[in-house]
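Report on the structure
Residue-level listing of the chains:
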Amino acid sequence: MGRDKAFIEIDGVTLVARQAAGLRAAGAQELLISGRPEIDYAVADARVVTDTIKDGGPLAGLSALLKAARTSWVLVLAVDLPHISAEALNLLLSTGGGRLGAVPKTAHGYEPLIALYPTSFVSLLDEALARNQLSLQPLLERAEAKKILQPIPHSMFAQSTFANWNTPDHITGKSP
């Protein structure tokens, strides 16, 4: 895209500020931003958490977030999902009855960057990182089989929930 998606604005509000507000509205006790230490994300009362494993991709970021969390659950929300709703976040929070994590699942796989993870998931993440297995999909399959995470059918969410912004055309509305 050529620029940091966190600072794309919708109606004068950056995506990172918009997502932070949504998480706060869902009852987040703590805000963690997986980001770069030299960047000011301008989100009050949020901590920036950096990857400790170079080139570990989303697994390294998720591992760092789970280790930094002061709670036993982490609600993960990608910055480039501008149409996330309070209903979607509440569905994640209510699924599993406080016993399991929750992750949306489609016919094509999991949507791992809008999910509720128990901090205990970090052990599976670190095992995968140690083996340089950087795909979240097989790891989430393992977590589901081990009853750590519960899938939520994609159909339970509004269609726009998973529309992300990956190109400038997405921002201007030229592409779905």
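All figures in this text were calculated on a predicted structure; none of them were measured in a lab.

Attention shifts here to the environment of arginine 70. Structurally, arginine 70 is set in the loop between helix H2 (57-68) and strand S5 (73-77). Look at arginine 70 and you get exposed, because its relative accessible area is 65%. Counting along the chain gives 29 residues from arginine 70 to tyrosine 41, while the straight-line C-alpha distance between them is 20 Å. If sequence neighbours within four positions are ignored, arginine 70 has contacts with Glu30 and Arg47.

A few words now on the nonpolar core. Membership of the largest hydrophobic core comes to 24 residues, with the highest contact counts inside it found for Leu77, Leu89, Leu92, Ile114 and Phe157. Listing elements by their share of this core, those giving two or more residues are helix H1 (15-25), strand S3 (31-34), S5, helix H3 (86-94) and strand S8 (114-118). In terms of residue count, H3 provides more of this core than any other element does, four residues in total. Apart from residues lying up to four places away in sequence, phenylalanine 157 is in contact with Ala88, Leu91, Leu92, Pro104, Ile152 and Phe162.

So, about the layout of surface pockets. Here the largest pocket defines a volume of roughly 1300 Å³. What lines the largest pocket is a set of 47 residues, and nearest its centre among them are Leu32, Ser34, Leu65, Val76 and Leu77. At the level of elements, H1, S3, H2, S5 and S8 are the ones that each hand at least two residues to the lining of the largest pocket. Within the lining of the largest pocket, the residues separate by chemical class into 31 nonpolar, nine polar and seven charged.

Conventions and cut-offs
Residues numbered from 1 in each chain as written. Predicted model: local features only at pLDDT ≥ 70, side-chain atom pairs only at ≥ 80, totals over all residues. Heavy atoms only, no water. Helix = DSSP H or I, 4+ residues; strand = E, 2+ residues; numbered from the N terminus. Buried < 20%, exposed > 50% of the residue type's maximum accessible area, 1.4 Å probe, protein only. Contact = heavy atoms within 4.5 Å. Core = buried A, V, L, I, M, F, W, Y, C linked by side-chain atoms within 4.5 Å. 1 Å grid on protein atoms, 1.4 Å probe; cavity = no way out; pocket = protein on both sides within 12 Å on 5 of 7 lines; lining within 4 Å. Points joined across faces, edges and corners; volume = space filled by probe spheres on them. Nonpolar A, V, L, I, M, F, W, Y, C, P; charged D, E, K, R; others polar.

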